[in-house]
Each structure stands twice: as structure tokens, then as C-alpha cells.
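Report on the structure
Listed here are the chains, written in short residue letters.
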2 protein chains.
Amino acid sequence: MMVDLFKKKIIEAGMAKKGERLLLGISGGPDSIALLHLFLGIRQELKLDLVACHFNHCLRDEADSEEQFVKNICKAAGIRFISEKKEVKKFFDGDSLEQTARNLRYDFFLKCSRETKIKKLALAHHEDDLAETVLMRIVRGAGLRGLRGFLPISRYKNITIIRPLIDTRKSVILQWLEEKELKYCVDQSNFSEEFLRNRLRLKLIPLLEELNPSIVDNLAALAQTVAIDYEFIEKAAHDLLQKIVRRHTHNCVEVDLKALDALDECMFNNVLRSAITMLKGDTRGLEARHLVEVKALVKERKRESIVDLPMAIVTKTDTRLTIEARR
Amino acid sequence: MMVDLFKKKIIEAGMAKKGERLLLGISGGPDSIALLHLFLGIRQELKLDLVACHFNHCLRDEADSEEQFVKNICKAAGIRFISEKKEVKKFFDGDSLEQTARNLRYDFFLKCSRETKIKKLALAHHEDDLAETVLMRIVRGAGLRGLRGFLPISRYKNITIIRPLIDTRKSVILQWLEEKELKYCVDQSNFSEEFLRNRLRLKLIPLLEELNPSIVDNLAALAQTVAIDYEFIEKAAHDLLQKIVRRHTHNCVEVDLKALDALDECMFNNVLRSAITMLKGDTRGLEARHLVEVKALVKERKRESIVDLPMAIVTKTDTRLTIEARR
């Protein structure tokens with residue numbers, strides 16, 4: 001039953017088609033083991049070529065035996081298994097440990113993609129993960145962009161990431177594993193309060209569920225509707241930017257000052273985001289207060305005034321706003 | 001100091017101008033008493049004509065003495081005081097008691113506006129209120145529209161509501177009252193867990209503050225950025241609707257089917273919201289699942305098919321989507 005729903009979901013959402021080659025990110029925990037078995041269940045019918053990718057973070061004593069556990073399932077199922085082992089703690093660089101682990105894991109996925117020439121990666125994020133992510137963004141402070149959480153289909157560098165379990169509750173996954181008597185590894189770090197996510201999971205979400213038992217569904221629905229709305233705003237800003245750009249080199253964008261000044265607040269902010277994305281690939285490091293500074297520059301300050309952002313230098317001239325990327 | 005900032009805020013945000021007449025909603029609690037004294041502090045300089053409005057909900061034993069308390073301050077300050085007393089519990093109609101109280105209170109404000117011919121009402125909502133409202137909407141389940149919380153300046157029927165304390169933390173208000181030795185009533189219901197808002201205030205927000213001490217600022221900032229983004233979407237949808245409307249009577253809107261079908265998901269949803277607002281004045285009762293049903297009608301179902309919504313009947317013809325208001 002679950003396998004049929006899974007197949008339907010994959011096809012209807014355009015996540016994969018017959019004969020496609022897919023990378024699967026498999027940690028060994030219940031979610032990814034369910035993902036692996038679900039894909040194995042539809043593999044023959046859809047003629048999928050599956051490659052399991054496992055990243056060993058060396059963060060816990062059980063890490064090696066978990067790697068072996070996933071390897072054994074793949075061997076028995078006759079699918080390729082790629083793994084890499086890295087001591088995440090050695091790469092810890094001031095980001096959170098979770099962020100460091102994530103960066104290394106995604107580098108590994110990109111390497112798997114280059115090695116296998118497969119451009120699509122399936123991850124096991126489920127509805128509870130999505131709700132937690134949205135909540136974490138709210139707690140940390142996010143705008144609309146952050147509130148989207150993760151998407152059913154997204155891009156990371158040159159690979160496509162699909163998340164077929166994004167609509168499925170964690171409890172449904174666990175129940176299915178139990179029914180099918182499928183074994184998985186229990187990630188002990190989920191029981192510590194080491195990471196904000198775990199504190200949310202163990203304290204905040206239970207309290208929210210007391211207030212409203214549908215909270216997880218509501219948070220996931222919020223992420224989805226925000227994703228739809230943000231996509232519209234992002235596209236409108238991108239189109240607008242094209243109209244008011246006067247000059248564009250690899251490290252500098254010049255925008256018509258009068259046209260920029262005439263924009264409403266939403267488009268003003270998002271055209272700037274779009275310009276920085278054009279130069280830098282993303283808007284990392286750009287905060288709400290930076291947008292306020294640029295607004296003051298455009299609306300109030302004298303020409304030749306400058307705003308110094310972490311990723312760009314913004315200068316006002318007689319007729320233009322010049323955004324120059326930092327190296 | 002606080003009075004100067006207050007005056008600056010009022011002027012810069014365009015909330016009131018010299019010589020204006022204003023209604024003030026004054027419950028007697030610390031927030032509204034601070035609002036009253038702040039307005040009294042700038043009254044002469046800005047030549048404001050102030051009228052205090054107090055609604056007695058009869059929900060607590062102290063209700064009558066609180067009414068008298070506010071009346072006394074107004075008498076001493078020489079401003080007009082209007083009050084009304086209603087047993088909210090008698091009007092309780094299946095909504096929450098809080099919602100019933102709110103409806104009756106706003107009816108009273110409208111009555112005050114008719115009686116005094118003043119079209120502007122100042123309310124004492126502060127930053128902590130805004131954070132709580134956003135959180136409450138998240139808990140109950142909201143889209144972008146709900147996440148806006150309340151706005152610094154908004155419309156309610158034919159009056160303008162201003163909220164000069166929207167950027168001010170509750171703690172700052174309490175500290176100012178203490179410094180100035182100003183007395184206020186303590187709203188006992190804030191210490192009960194009778195309403196969801198109180199449960200949020202007493203349990204959820206303290207837990208969130210453990211996770212991030214800036215959570216209240218972050219929630220208020222989220223409400224503000226969402227308000228800006230939603231305004232853009234709402235306006236874009238309104239403009240689009242004007243282009244694809246083929247016929248419009250007092251109780252029926254007909255929209256070009258092909259044009260509607262060609263819209264992206266964000267505009268599809270918001271053009272429908274806009275059409276229903278055109279007919280009914282608001283979108284009360286419209287849920288996400290209703291939009292999904294109308295989408296299926298437009299994209300998949302046969303002509304002459306119907307979707308039955310609580311506020312409208314939606315019919316698909318060969319070339320149009322007809323939205324007919326229910327009585």
C-alpha cells in the first residue's frame with residue numbers, strides 16, 4: 001500500500017520517470033532506510049538505476065557499524081553503494097557542528113554525482129522534518145525566504161534534490177517499517193539536546209501539539225504556501241531587475257536610480273536581493289538591516305555616498321545605484 | 001524621553017497630524033494607560049482632540065472599578081470619556097469567548113466613531129502582542145495573510161486604526177509607567193490560562209526565549225516583512241483580476257477561464273481571493289482546501305461542473321469561471 005502511494009507520488013510530482021538513474025542519501029536511520037526500501041519496491045517496475053550514498057560523520061561510536069548495516073542491505077539488493085568517512089569534528093570551523101556536518105555531507109553528494117554522472121539525489125526528509133525546519137527558522141529569525149523550509153524538488157549546485165517523503169509523517173514511516181519488519185539504526189544524537197533541532201523536537205513541538213494537535217501539518221502547509229508565494233515575488237523581482245539594469249559586468253551591476261526609488265518596499269528589497277544573487281550566486285550574509293541601509297542610501301543620502309555590505313559595495317551616483325561584488 | 005520618541009513615531013509613521021481628532025481605546029491595563037498618558041503628553045503640542053473609549057466586558061469582578069479608574073483619569077485630564085457595558089458571556093455564540101469579546105468591543109468602537117464623527121482610533125497593541133499574535137496564527141494554522149499579524153496602520157470598516165506602540169516592548173512600557181509612578185489596573189485574566197493567547201504567553205514564549213532571547217523581536221520582524229510581501233501579492237492579484245474579469249454584477253463575478261488557467265499557483269489562489277473579496281468584502285471561511293477544489297474544477301473537471309463554497313457557488317462554463325455570492 002505504502003509502496004503504491006510512494007510510486008504515485010514520485011510520478012505525479014514529476015520527481016522521477018521510468019528508466020531514470022538516482023542517487024539515494026542513506027544514513028541508516030529509520031527515514032532513509034524506509035526511503036531505500038520504498039525505492040527498492042518500485043525499482044523493477046520503473047526500471048530505476050539506484051546508487052546508495054552513505055556519509056560516515058564519525059560523530060558516534062556506532063558510525064562504522066551503521067555504514068556496514070547500509071552496505072549489507074545494498075549488497076543483498078544488488079545496488080551500488082558508495083561511502084565516505086570523515087571526522088566532522090576536525091572540520092568544525094565556527095559554524096554549528098550540525099552545519100559543518102551538513103556541508104561535508106553535501107560535498108560528498110556532489111562527489112557521488114560527478115563519479116556516477118547521476119544528476120538527481122533523493123533524500124528522506126519527511127513532514128515532521130519540514131515542520132521542525134520551519135519552526136527552527138522562525139526561532140532563529142527568518143523572512144519569507146527562510147520560512148519556505150525545504151522544497152519537494154530543489155536544486156543544489158548542479159544536482160536536483162527530490163524529497164518523496166515530504167508529505168509523510170514520521171509516525172507513518174515508523175509504522176510501515178514495523179509492519180514490514182524492516183530494521184534500521186537508531187540515531188542516538190536525536191535523544192541528546194545537542195542541537196537546536198533536537199531541543200525543538202523534544203520540548204517545543206510537544207508543547208505546541210498540546211496547544212494544537214495539527215501543528216505539524218499546519219507548519220508543513222505554511223512552508224508550502226510560502227514557497228508558492230515567494231516564488232512569485234522572486235520571479236517578479238527578477239523580471240523587474242532586467243528592466244532597470246543599465247550595465248552588468250561579471251562583478252558589478254548598475255541599476256537606474258529613479259526606477260529603483262519608485263518601487264514599492266517589497267520590490268525594492270527583492271530587486272536588491274536579485275541583483276546580489278546575480279553577482280554572488282546567492283544572498284548569504286544579507287540581513288534585513290542591510291536592506292534598510294541601502295534604502296536610506298537611495299532615498300535620503302547624497303550622491304557618491306556608499307554602503308558597505310559584507311558581500312558588496314553599494315554606491316549612489318547621479319543616476320544609478322552601483323553594486324560591486326566583494327572578492 | 002519616551003514621550004518624545006512617541007511623538008516622533010506618530011509623525012514619521014503618518015499616524016496622526018497636528019490638530020487631528022482621535023479616539024483612544026482604553027481598557028485600563030498597563031498598555032492602554034501608557035497610551036493614554038503618552039497621548040496626553042503630546043496633546044497640547046500637536047493640538048490633538050482626544051476621546052477615550054472604554055468597553056466594560058463584565059467578565060471580571062473588577063470590571064466596574066476599572067471603568068471608574070479610566071473615567072477618573074480622563075476627567076482629571078479634561079478629555080471626553082465614552083463607555084459601554086455589556087455582559088459578553090450573554091453574547092457568546094460558539095466563537096471563542098475572546099472572539100465574542102473582540103467583536104462586541106469593535107462594534108462599540110464603531111459606535112463611538114459614529115457618535116463623535118472621529119474616523120481614527122488608536123489602540124495600545126505593543127511588540128509582545130504582535131509576536132504573540134503571529135505565534136497564535138502559526139499555532140492555529142495560517143498562510144501568509146494571517147502571518148502579517150496586525151499592522152501599524154490598518155482599516156476596520158470605515159475607521160483607520162493606528163498602533164503607535166507596535167515597536168515597543170511590553171517591558172519598556174512597564175518600566176516607563178513605574179518611572180512616572182503612573183497607576184494602572186492589572187488584568188487578572190492574563191494570569192489565567194483561559195485563552196490560547198495566555199497559554200502562549202505563559203508557557204510557549206518563555207520556552208522560545210530559552211532557545212533564542214530575541215524571539216519576540218524576530219516574530220515582530222517576521223510579521224512586518226510578511227505584511228510588505230503580502231501587500232505586493234494582493235495588489236498584483238487585484239490588478240490581474242481587473243484584466244481577466246469579463247462580467248461583474250453586485251453578486252456575481254465572471255472570469256475568463258483560459259486566462260485563469262494560465263496563471264501560476266500564487267496568482268491563481270490570490271485572484272480567487274480577490275474575486276471573493278470583491279463580492280463579499282472579505283475572504284472569511286475560505287480555506288486552502290477550497291482553493292484546491294476550485295483549481296481541480298478549472299484544470300480537470302467538465303464544463304457545467306460546480307464547486308460549492310461556504311460563501312460562493314463556483315461554476316465552470318465553456319469560456320468562463322462564474323463565482324456567485326451566497327446570500
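Residues numbered from 1 in each chain as written. Chains lettered and ligands numbered in written order. Predicted model: local features only at pLDDT ≥ 70, side-chain atom pairs only at ≥ 80, totals over all residues. Heavy atoms only, no water.

1. Describing the interface of chain B and chain A
Counting from both sides, the interface comprises 34 residues of chain B and, opposite them, 34 residues of chain A. At the boundary of chain B with chain A, total buried surface from both sides reaches about 2700 Å², with 77% on carbon and sulfur atoms. Considering only the surface of chain B that becomes buried against chain A, Val139(B), Leu211(B) and Phe232(B) emerge as the three largest contributors, covering 22% of it. Remark: the boundary between chain B and chain A carries 6 residue pairs in polar contact (both at pLDDT 80 or more). (Contact = heavy atoms within 4.5 Å. Buried area = accessible area lost by both parts, 1.4 Å probe. Polar contact = N/O pair within 3.5 Å; in protein donor to acceptor, adjacent residues only side chain to side chain.)

2. Let's talk about the pattern of salt bridges
Tallied over the entire structure, the rule returns 50 salt bridges over all chains. With a closest N to O distance of 3.2 Å, Glu265(B) and Lys295(B) form a salt bridge. With Glu265(B) in helix H12 (residues 265-280) and Lys295(B) in helix H13 (residues 288-299), this residue pair connects regions lying 30 residues apart in the sequence. Several salt bridges converge on common partners, so that one network encompasses Glu84(A), Lys86(A) and Lys111(A). (Salt bridge = Lys/Arg side-chain N within 4 Å of Asp/Glu carboxyl O. Helix = DSSP H or I, 4+ residues; strand = E, 2+ residues; numbered from the N terminus.)

3. Digging into the relation of the copies chain B and chain A
Relative to chain A, chain B is turned by 180 degrees and slid 0.1 Å along the rotation axis, the superposed coordinates differing by an RMSD of 0.1 Å. Considering both components of the superposition, the chain copies are consistent with a two-fold axis. (Least-squares fit on C-alpha atoms with pLDDT ≥ 70 in both.)

4. Section: the environment of Leu130(B)
Residues and elements named next belong to chain B. Tracing the sequence through the fold places Leu130 in helix H6 (residues 127-140). Residue classification places Leu130 among the buried residues on the basis of a relative accessible area of 4%. In this view, Leu130 contacts Arg148, Gly149, Phe150, Ile166, Ala220 and Ala223; residues no more than four positions away in its chain are not counted. (Buried < 20%, exposed > 50% of the residue type's maximum accessible area, 1.4 Å probe, protein only.)

5. Quick notes on the sheet that holds strand S2 (residues 49-56) of chain B
Working definition: the strands of a sheet are paired by backbone hydrogen bonds and lie parallel or antiparallel to each other. Residues and elements named next belong to chain B. Pairing in this open sheet of 6 strands is mixed, and the strands run S3-S2-S1-S4-S6-S5 from one edge to the other. Edge positions in the open sheet fall to strand S3 (80-85) and strand S5 (153-156), since each of these has one partner strand only. This sheet shows a mean twist of 30 degrees between the axes of neighbouring strands, independent of strand direction. With 5 bridges joining them, strand S1 (residues 21-25) and S2 adopt parallel strand pairing. In the strand pairing of S2, Gly25 is matched with Cys53. Against the sheet, helix H2 (residues 30-46) touches S1, S2, strand S4 (120-122) and strand S6 (159-162), its axis set at about 160 degrees to S1. Helix H5 (residues 97-116) rests against S1, S2, S3, S4, S5 and S6 of the sheet, and its axis sits at about 140 degrees to S3. (Pairing = 2+ DSSP bridges. Axes fitted to C-alpha atoms, helices over the stretch in contact; angles between N-to-C directions.)

6. Overview of helix H12 (residues 265-280) of chain A
Residue and element names in this part refer to chain A. For H12, with 16 residues, the first-to-last C-alpha span of 23 Å sits near the 22 Å given by 1.5 Å per residue. Regarding H12, the residues found buried are Cys266, Met267, Phe268, Asn269, Asn270, Val271, Leu272, Ser274, Ala275, Ile276 and Leu279. Sitting at the amino-terminal end of H12 is Asp264, which places a side-chain oxygen 3.1 Å from the backbone nitrogen of Cys266. (Expected span 1.5 Å × (residues − 1).)

7. Brief notes about a nonpolar patch on the surface
Residues and elements named next belong to chain A. A cluster of nonpolar residues, Leu174, Tyr184 and Val186, forms a patch on the protein surface that exposes about 220 Å² of accessible area. Along the chain, the position of Tyr184 falls in the loop between helix H8 (170-179) and helix H9 (196-211). A residue is classified by how much of its surface remains accessible, and Tyr184, at 32% relative accessible area, is partly exposed. (Patch = residues over 30% accessible without salt bridge, like charges linked within 9 Å, V, L, I, M, F, W, Y side chains within 5 Å. Areas by Shrake-Rupley, 256 points an atom, 1.4 Å probe, with all protein chains shown as cover.)

8. Concerning the packing of H6(B) against helix H9 (residues 196-211) of chain B
Each packed pair of helices is defined by two parameters, the angle between the axes and the distance between the axes. Residues and elements named next belong to chain B. Where H6 meets H9, the closest approach of the two axes is 10 Å, and the angle between their N-to-C directions is 100 degrees. In this view, H6 runs roughly perpendicular relative to H9, as classed from their interaxial angle. Where H6 approaches H9, its residues Asp129, Glu132, Thr133, Leu135, Met136, Val139 and Arg140 are matched on the opposing element by Leu196, Arg197, Leu200, Arg201, Leu204, Ile205 and Leu208. Considering only residue class, the contact of H6 with H9 consists of 8 nonpolar, 1 polar and 5 charged. (Parallel < 35°, antiparallel > 145°, perpendicular 65-115°, else oblique. Nonpolar A, V, L, I, M, F, W, Y, C, P; charged D, E, K, R; others polar.)

9. Things to note about the side chain of Lys120(B)
All names here are of chain B. Inspection of the secondary structure puts Lys120 in strand S4. We classify Lys120 as buried; its relative accessible area is 14%. A distance of 2.9 Å separates a polar atom in the side chain of Lys120 from a polar atom in the side chain of Glu20. If we ignore the near neighbours within four places in the chain, the residues touching Lys120 are Gly14, Met15, Ala16, Glu20, Arg21, Leu22, Leu23, Thr160 and Ile162.

10. Some remarks on the nonpolar core
Membership of the largest hydrophobic core comes to 121 residues, with the highest contact counts inside it found for Leu204(A) and Leu204(B). Sorting elements by how many residues they give to this core places helix H10 (residues 215-244) of chain B first, with 15 residues. In this structure, Leu204(B) is in contact with Leu204(A), Leu207(A), Leu208(A), Leu211(A), Leu135(B), Val139(B) and Arg199(B), ignoring residues within four places of it in sequence. (Core = buried A, V, L, I, M, F, W, Y, C linked by side-chain atoms within 4.5 Å.)

11. Quick notes on the sheet that holds strand S10 (residues 312-316) of chain A
Residue and element names in this part refer to chain A. Spatially, S7-S8-S11-S10-S9 is the arrangement adopted by the 5 strands of the open sheet, whose pairing is antiparallel. The outermost strands of the open sheet, each flanked by one partner alone, are strand S7 (245-249) and strand S9 (306-308). Pairwise comparison of adjacent strand axes, ignoring direction, gives a mean angle of 10 degrees for this sheet. Strand direction decides the pairing type here: S9 and S10, joined by 3 bridges, are antiparallel. Bridging from a neighbouring strand, Val307 pairs with Val314 of S10. Packing against the sheet, H12 makes contact with S7, strand S8 (252-256) and strand S11 (320-325), and its axis sits at approximately 40 degrees to S11.

12. So, the packing of aromatic side chains
All names here are of chain A. As enumerated under the stated definition, the model contains 11 aromatic pairs over all chains in all. Aromatic side chains Tyr106 and Phe109 sit 5.7 Å apart centroid to centroid with 85 degrees between the ring planes, which places their arrangement in the edge-to-face category. Taken together, the residues Tyr106 and Phe109, both in helix H5 (residues 97-116) and 3 residues apart, mark about one turn of the helix. The same class applies to Tyr106 as to Phe109, namely buried. Feature note: the residues Phe55, Tyr106, Phe108, Phe109 and Tyr156 constitute an aromatic cluster, connected by ring pairs. The aromatic ring of Tyr106 is capped on one face by Arg102, whose charged end is 4.3 Å from the ring centroid. (Phe/Tyr/Trp six-rings, centres within 6.5 Å; stacked < 30°, edge-to-face > 60°. Lys NZ or Arg CZ within 6 Å of the ring centre and 35° of its normal.)

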